[in-house]
Amino acid sequence: MRITVLGATGNAGSRVVTEAISRGHKVTAVVRNSSATNNLPSGINVITGDASNIMDVARFSTGQDVVISAIRPASGLESDVIPTTRTLMDGLSKTGARLLIVGGASTLIVPGTGGKTVIEDSNYLPITARHIGKASADQLEVCLAETRVDWAYLSPAAQFSPGERTGKYRLGTDELLIDAKGKSQISMEDAAIALLDEAEQPKHHQTRFTVGY
């Protein structure tokens with residue numbers, strides 16, 4: 001497959017790149033600054049581009065099967081992800097590439113709370129991080145309103161960080177996945193596996209899904 005990865009030098013994006021390469025896919029990494037390519041593996045196509053520029057979106061998605069967005073705005077600019085997602089949708093609606101987004105867990109329902117979401121539960125999202133959760137929630141709303149693009153939005157488990165590639169994960173829809181120890185977690189490595197599995201064998205179309213242990 002021909003896969004474009006946005007945010008390819010970030011924590012989540014770099015794991016996606018590694019997983020895609022290991023499966024033999026043709027990977028294009030989009031970076032905003034050409035000086036940020038040092039940590040990218042050899043054997044991939046690296047181009048500069050800006051996901052908030054519709055001309056760039058058309059350029060890096062033309063001829064591609066899937067675009068995977070693992071963009072994380074700078075601290076204090078979290079809300080930038082909303083107009084960027086709109087631009088991605090506008091651009092991909094013209095090129096036909098599928099879009100997979102690494103989003104947030106804030107709108108997942110916490111089991112056993114009567115419908116309380118992660119953003120409302122400080123056990124999973126600290127009050128100090130709720131502005132980040134709000135940006136993720138707004139990004140999901142942009143996706144849910146989109147009918148032109150074949151998209152899927154991944155809400156990872158509450159604890160989403162670099163770790164071990166175990167090759168194991170569980171899928172869900174709108175409810176936070178919690179393991180036998182009461183924790184909601186997934187490594188970025190295993191989330192990348194779930195994303196590439198979805199890219200290769202699509203199961204989620206114009207909807208959100210979640211992944212955890």
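The text that follows walks through the structure, step by step, so that each part is easy to find. In this text, all values refer to a predicted model and were calculated from it rather than measured experimentally. (Residues numbered from 1 in each chain as written. Predicted model: local features only at pLDDT ≥ 70, side-chain atom pairs only at ≥ 80, totals over all residues. Heavy atoms only, no water.)

1. Topic: the sheet that holds strand β6 (residues 151-156)
No. 1: Reading across from one edge, β3-β2-β1-β4-β5-β6-β10-β8 is the order of the eight strands in this open sheet, with mixed pairing throughout. Of all the strands in the sheet, just β3 (45-48) and β8 (170-172) have a single pairing partner and so form its edges. Within the sheet, the average angular offset between the axes of one strand and its neighbour, ignoring direction, is 25°.
No. 2: Relative to β3, strand β2 (residues 26-31) runs parallel, the two being bridged by four bridges. Bridged to A29 within β3 is V46.
No. 3: Running over the sheet, helix α1 (residues 11-22) touches β1 (2-6), β2 and β4 (66-69) and is turned about 165° from β1. (Pairing = 2+ DSSP bridges. Helix = DSSP H or I, 4+ residues; strand = E, 2+ residues; numbered from the N terminus. Axes fitted to C-alpha atoms, helices over the stretch in contact; angles between N-to-C directions. Contact = heavy atoms within 4.5 Å.)

2. Considering the environment of G163
No. 1: The topology assignment puts G163 in the loop between β7 (159-161) and β8.
No. 2: Taking the C-alpha atoms as reference points, G163 and T48, separated by 115 residues in sequence, lie 28 Å from one another.
No. 3: The residues touching G163, leaving out its near neighbours within four places in the chain, are S187 and E189.

3. A word on the pattern of salt bridges
For side chains of opposite charge, pairing can occur when their charged atoms come near one another.
No. 1: Here the structure, examined in full by the defined rule, presents 14 salt bridges.
No. 2: Its salt-bridge partner being D50, residue R32 comes within 3.3 Å of it at the nearest N-O pair. Linking R32 in the loop between β2 and β3 with D50 in the loop between β3 and α2 (54-61), this pair joins segments that are 18 residues apart in sequence.
No. 3: A relative accessible area of 69% means that R32 is categorised as exposed. (Salt bridge = Lys/Arg side-chain N within 4 Å of Asp/Glu carboxyl O. Buried < 20%, exposed > 50% of the residue type's maximum accessible area, 1.4 Å probe, protein only.)

4. A short note on the environment of L40
No. 1: Relative to the helices and strands, L40 resides in the loop between β2 and β3.
No. 2: When its relative accessible area of 13% is taken as the criterion, L40 is described as buried.
No. 3: Taking the C-alpha atoms as reference points, L40 and A8, separated by 32 residues in sequence, lie 7.8 Å from one another.

5. Here we look at the nonpolar core
Proteins that are soluble and globular tend to have nonpolar side chains buried together.
No. 1: Ranked by size, the top nonpolar core spans 31 residues in total, and within it I3, V5, V16, I68, L100, F160 and L195 carry the most contacts.
No. 2: Looking at this core, the elements that each hand over two or more residues are β1, α1, β2, β4, β5 (98-102), β6, α5 (188-200) and β10 (207-212).
No. 3: Counting residues in hydrophobic clusters, the runner-up holds 18 residues, among them L6, V57, F60 and W151. (Core = buried A, V, L, I, M, F, W, Y, C linked by side-chain atoms within 4.5 Å.)

6. Re the packing of α2 against helix α3 (residues 81-95)
No. 1: Between α2 and α3, whose axes approach to 8 Å, the crossing angle comes to 45°. Judged by the inter-axis angle, α2 sits oblique to α3. Considering only the axes of α2 and α3, their crossing is right-handed. The segment α2 lies against α3, with I54, V57, A58, F60 and S61 engaging T87, L88, D90, G91, L92, K94 and T95. (Parallel < 35°, antiparallel > 145°, perpendicular 65-115°, else oblique. Left-handed = near helix turned anticlockwise from the far one by under 90°.)

7. Re α3
No. 1: Between the first and last C-alpha of α3 there are 21 Å, a value that for 15 residues agrees with the 21 Å anticipated at 1.5 Å per step.
No. 2: Where α3 is buried, its residues meet β1, α2, β4, β5, α4 (130-144) and β6. (Expected span 1.5 Å × (residues − 1).)

8. Some points on the packing of α1 against α5
No. 1: The geometry of α1 relative to α5 is characterised by a closest axis approach of 8 Å and an angle of 55° between their N-to-C directions. Considered as vectors, α1 and α5 are oriented oblique to each other. For the crossing formed where α1 meets α5, the hand is right-handed. Contacts between α1 and α5 involve N11, A12, R15, V16, E19 and A20 from the first element and M188, E189, A192, I193, L195 and L196 from the second.
No. 2: Here the residues of the contact of α1 with α5 are counted per class, giving eight nonpolar, one polar and three charged. (Nonpolar A, V, L, I, M, F, W, Y, C, P; charged D, E, K, R; others polar.)

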